[in-house]
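# Structural characterization, general
Chain by chain, the residues run as shown.
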Amino acid sequence: MTPTICPGNTSNDPSHLINFVDKNCVPYTGFELVLFVSGCLLWVFAYGLLIRNSHRKKYIELPAIAICSDLAWEITWAAFYTTDMGLIPAIIYKIWLFLDLFIFWLLLRHGRKQTGNPVFKRIFTPLCFIAVPIFTVIYSSFVHGGYDTPVGATSAYMAQQFISVFCILLLLGSTTAENFSTHFAWLRSLGTALVAVFFFFHYTENYFLNTLGTLSIILDSIFLYLLWKARKAHKRGISPSTFLSQRVG
């Protein structure tokens, strides 16, 4: 990415550890940078916990479509494009990609347990390998067309909707709440929320992006509530799917 020279002897240079102005010469405040980097780091810890839990439980609690979409976004922004915020965020993006490759491998090993449909179980691996390049083309063409922000925020929170929506559906269709970690849920939800708050401050007039961020916070809050209720129901021997049918009935 070519450095952008801004008024006042400031510049946006990707070789800096942290840039204090974006490529459009809009300042990143210290508060905004703390929000963004903290949210990103929480996702690093969330990924690490997901890998550990998946290895122990032989079950992966992040939905298959979300993992494929997530991996595609990280390929796009860690391999093909670079954030304008400097080296530290760019390195975090690459760490995400590295961790998500392990998560994708765990998905191939344990992801069939997410569905009871024998047809989907049989074609599960080919579907995953097909989904990743499809999502990569979608996100890369979105960025190439100039529709994204310099940090990849819009495409990231389009991908985030797959996580927020399908995590709820996966939980409610599960036979046990024990497959879902409260710690992982909080880490990913707080990470997503902090970055979404960053959007409200830095991309104030990007209503589409802020709508995606708000939806993510609402949906993740619903998931945390449902997980809390499902784990309480689990102690009484009630599965999340049974718990839902009782609530609806």
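Below, the discussion takes up the packing of helix 2 (residues 64-80) against helix 3 (residues 87-110). Look at helix 2 against helix 3: their axes get within 9 Å of each other, and the N-to-C directions meet at 150 degrees. By the angle between their axes, helix 2 is roughly antiparallel relative to helix 3. Here helix 2 runs over helix 3; the crossing is left-handed. Contacts from Ala64, Ile67, Cys68, Asp70, Leu71, Trp73, Glu74, Ile75, Trp77 and Ala78 in helix 2 reach Tyr93, Lys94, Trp96, Leu97, Asp100, Leu101, Ile103, Phe104 and Leu107 in helix 3. In the contact of helix 2 with helix 3, the residues fall into 15 nonpolar, no polar and four charged.

Before going further, it helps to spend a moment on the packing of helix 1 (residues 30-57) against helix 3. The N-to-C vectors of helix 1 and helix 3 enclose an angle of 25 degrees; their axes lie 10 Å apart at closest approach. When the interaxial angle is binned, helix 1 and helix 3 end up roughly parallel. Crossing geometry of helix 1 relative to helix 3 is assigned as left-handed. Listed contacts from helix 3 to Phe36, Val37, Cys40, Leu41, Trp43, Val44, Tyr47, Gly48, Leu50, Ile51 and Ser54 of helix 1 are Pro89, Ile92, Tyr93, Ile95, Trp96, Leu99, Asp100, Phe102, Ile103, Leu106 and His110. Partitioned by chemical class, the residues of the contact of helix 1 with helix 3 number 18 nonpolar, three polar and one charged.

In this section: the nonpolar core. Counting 72 residues, the largest nonpolar core has Trp96, Phe104, Leu107 and Phe199 as its most contacted members. Of all the secondary structure elements, the ones that give two or more residues to this core are helix 1, helix 2, helix 3, helix 5 (124-144), helix 6 (153-172), helix 7 (182-202) and helix 8 (207-235). At 12 residues, helix 1 tops the list of elements feeding residues into this core. Dropping the residues within four chain positions of it, leucine 107 is found in contact with Ile60, Ala64, Ile67, Cys68, Arg112, Gln114, Phe124 and Cys128.

For the structure on display, the rule yields two salt bridges. Across the pair arginine 188 and aspartate 220 runs a salt bridge whose closest N-O atoms are separated by 3.1 Å. Residue arginine 188 is found in helix 7, and its partner aspartate 220 is found in helix 8; the two are separated by 32 residues along the sequence. When its relative accessible area of 3% is taken as the criterion, aspartate 220 is described as buried.

The rules behind the values
- Per chain, the residues get numbers from 1 upward, laid out in the order the sequence is written.
- With the structure being a predicted model, the display of local features is reserved for residues of pLDDT at least 70 and the display and counting of side-chain atom pairs for 80 or more, all residues being used for whole-chain, interface and lining totals.
- As a convention, hydrogens and water are excluded, and side-chain values are obtained from all of the structure's heavy atoms.
- Here, axes are lines fitted to C-alpha atoms. For helices the fit covers the stretch in contact, and angles between N-to-C directions go from 0 to 180 degrees.
- In DSSP terms, a helix is any run of H or I states spanning at least four residues, a strand is any run of E spanning at least two, and both are numbered starting from the N terminus.
- Note that the term roughly parallel is reserved for angles under 35 degrees, roughly antiparallel for angles over 145, roughly perpendicular for angles of 65 to 115, and oblique for everything else.
- When the near helix sits turned anticlockwise from the far one by under a right angle, the crossing is termed left-handed; a clockwise turn instead gives a right-handed crossing.
- The contact criterion used throughout is that any non-hydrogen atoms of two residues lie within 4.5 Å.
- Classification convention: Asp, Glu, Lys, Arg as charged; Ala, Val, Leu, Ile, Met, Phe, Trp, Tyr, Cys, Pro as nonpolar; all other residues, Gly among them, as polar.
- Nonpolar core, defined: a set of buried Ala, Val, Leu, Ile, Met, Phe, Trp, Tyr and Cys residues in which side-chain atoms within 4.5 Å join the residues together.
- Each residue's exposure class comes from its accessible area (1.4 Å probe, protein chains only) as a fraction of the maximum for that residue type: buried when under 20%, exposed when over 50%, partly exposed otherwise.
- We define a salt bridge as a side-chain nitrogen of Lys or Arg found within 4 Å of a carboxyl oxygen belonging to Asp or Glu.

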